[in-house]
Amino acid sequence: MSRSGELSVCHLLVGLTRGGAERLLVEVLPHLPAQGLRPTVLALKDWGPVGEDLRARGIEVDALGGKGKGDPRPVLRLVSRLRRRRPVVLHAHLARAVMAGWWAARSAGVPLVAHFHSLAGERPAWQDRLEGVAARRARARVAVSAAVASDRAQRFQLPVDAFQVIHNGIDTGRFAALPEPATERPVFGFLGRLPVREKGLDTLLEAVERLKSTGADGPALEIAGGPPEAAAELRRQVARSGLE
């Protein structure tokens, strides 16, 4: 409980570089004080541009200064911050934050909410096991889609209803003043990391291919991002679909 009577809630990120989970907090957290909550953002790594974005919106941010995946210092600092702040919950976003957050929350006696933002993709089995331990011991588990919930439930050997699906919110007011499109042909755009399956781009390409097979004028696709090997895989899939 904060001095103002608001409930203190800590959100844990891996870093403060710009990404989907980080953008979600920038959009959502400024609305929480009106609900009687006082959010604070903690990040395992050093300072980054999302820290500036959050502070500009009145959100307290604390970068814990981690230098790599094997650096234990940010987790120890996280335990110290939790013991001092005594939040009602630690809300951890993304796999590494969930794993670190579970250990720190357990040590500080704070409930953990584990929030999963994407499909896990290909990774070592030990990471599934470690993240699964954290997920099973969390007070609550959130997934941004039914597909993410199903993926994690299978990996962690949990029932799918152990996850609450909460879709990412979008402030539609940001798009209210957009100009009218220059063409009636729809344009789909994507900018971000390009693991094709994790981001659902394979589904998008299949949908566009099916639409074109009906004789309809399919949408234009504008896709940009990395890493290079994922971009190459996407180009091959586009070529196979005859969508270039």
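Everything that follows concerns the structure shown earlier in this document.
Residues numbered from 1 in each chain as written. Predicted model: local features only at pLDDT ≥ 70, side-chain atom pairs only at ≥ 80, totals over all residues. Heavy atoms only, no water.

### A closer look at the overall build of the chain
So, point 1. For the chain, the count of helices and strands is eight helices and nine strands.
So, point 2. For the chain, the share of sequence-separated contacts (at least 6 apart) that also reach a separation of at least 24 residues comes to 61%.
So, point 3. For the chain, the exposed surface amounts to about 13800 Å²; the carbon and sulfur share of it is 53%. (Helix = DSSP H or I, 4+ residues; strand = E, 2+ residues; numbered from the N terminus. Contact = heavy atoms within 4.5 Å. Areas by Shrake-Rupley, 256 points an atom, 1.4 Å probe, with all protein chains shown as cover.)

### Concerning the nonpolar core
So, point 1. Residues Leu12, Leu78, Leu82, Leu90, Leu112, Phe116 and Phe163 are the most contacted members of the largest nonpolar core, which totals 36 residues.
So, point 2. When residues of this core are traced back to their parent elements, those giving at least two are strand S1 (7-13), helix H3 (73-85), strand S4 (89-93), helix H4 (95-108), strand S5 (112-116), helix H5 (125-137) and helix H6 (146-156).
So, point 3. For this core, the element with the most residues is H4, which contributes seven residues.
So, point 4. Beyond its immediate sequence surroundings of up to four residues, Phe163 is in contact with Phe116, Arg141, Ala149, Arg152, Ala153, Phe156 and Leu158.
So, point 5. Counting twelve residues, the second-largest nonpolar core is a separate cluster that includes Val41, Val50, Leu54 and Ile59. (Core = buried A, V, L, I, M, F, W, Y, C linked by side-chain atoms within 4.5 Å. Buried < 20%, exposed > 50% of the residue type's maximum accessible area, 1.4 Å probe, protein only.)

### Examining the packing of H4 against H5
So, point 1. The contact between H4 and H5 brings their axes to 9 Å, and the two run at 60 degrees. One element, H4, and the other, H5, form an angle in the oblique class. Crossing of H4 against H5: the hand is left-handed. On the side of H4, the interface is formed by Ala95, Val98, Met99 and Trp102, while H5 contributes Gln127, Leu130, Glu131, Val133, Ala134 and Arg137.
So, point 2. Here the residues of the contact of H4 with H5 are counted per class, giving seven nonpolar, one polar and two charged. (Axes fitted to C-alpha atoms, helices over the stretch in contact; angles between N-to-C directions. Parallel < 35°, antiparallel > 145°, perpendicular 65-115°, else oblique. Left-handed = near helix turned anticlockwise from the far one by under 90°. Nonpolar A, V, L, I, M, F, W, Y, C, P; charged D, E, K, R; others polar.)

### A few points about empty space enclosed by the protein
So, point 1. Tallied over the entire structure, the rule returns one cavity of 30 Å³ or more.
So, point 2. Taken as a whole, the largest cavity holds about 30 Å³ of empty space.
So, point 3. Around the largest cavity, the lining residues are Arg18, Gly19, Glu22, Arg23, Val26, Val50 and Asp53.
So, point 4. Considering every element that reaches the lining of the largest cavity, the biggest residue donor is helix H1 (residues 20-28), with three residues.
So, point 5. For the lining of the largest cavity, the residue count by class is two nonpolar, one polar and four charged. (1 Å grid on protein atoms, 1.4 Å probe; cavity = no way out; pocket = protein on both sides within 12 Å on 5 of 7 lines; lining within 4 Å. Points joined across faces, edges and corners; volume = space filled by probe spheres on them.)

### Details of the sheet that holds strand S2 (residues 37-43)
So, point 1. Taken in spatial order, the seven strands make up an open sheet running S3-S2-S1-S4-S5-S6-S7, and their pairing is parallel. Looking at the sheet topology across the chains shown, the edges are occupied by strand S3 (60-63) and strand S7 (164-165).
So, point 2. The pairing of S5 with strand S6 (residues 140-143) spans four bridges and is parallel. The partner of Phe116 across the bridge, within S6, is Ala143.
So, point 3. Packed on one face of the sheet, H6 meets S5, S6 and S7 and runs near 115 degrees to S5. (Pairing = 2+ DSSP bridges.)

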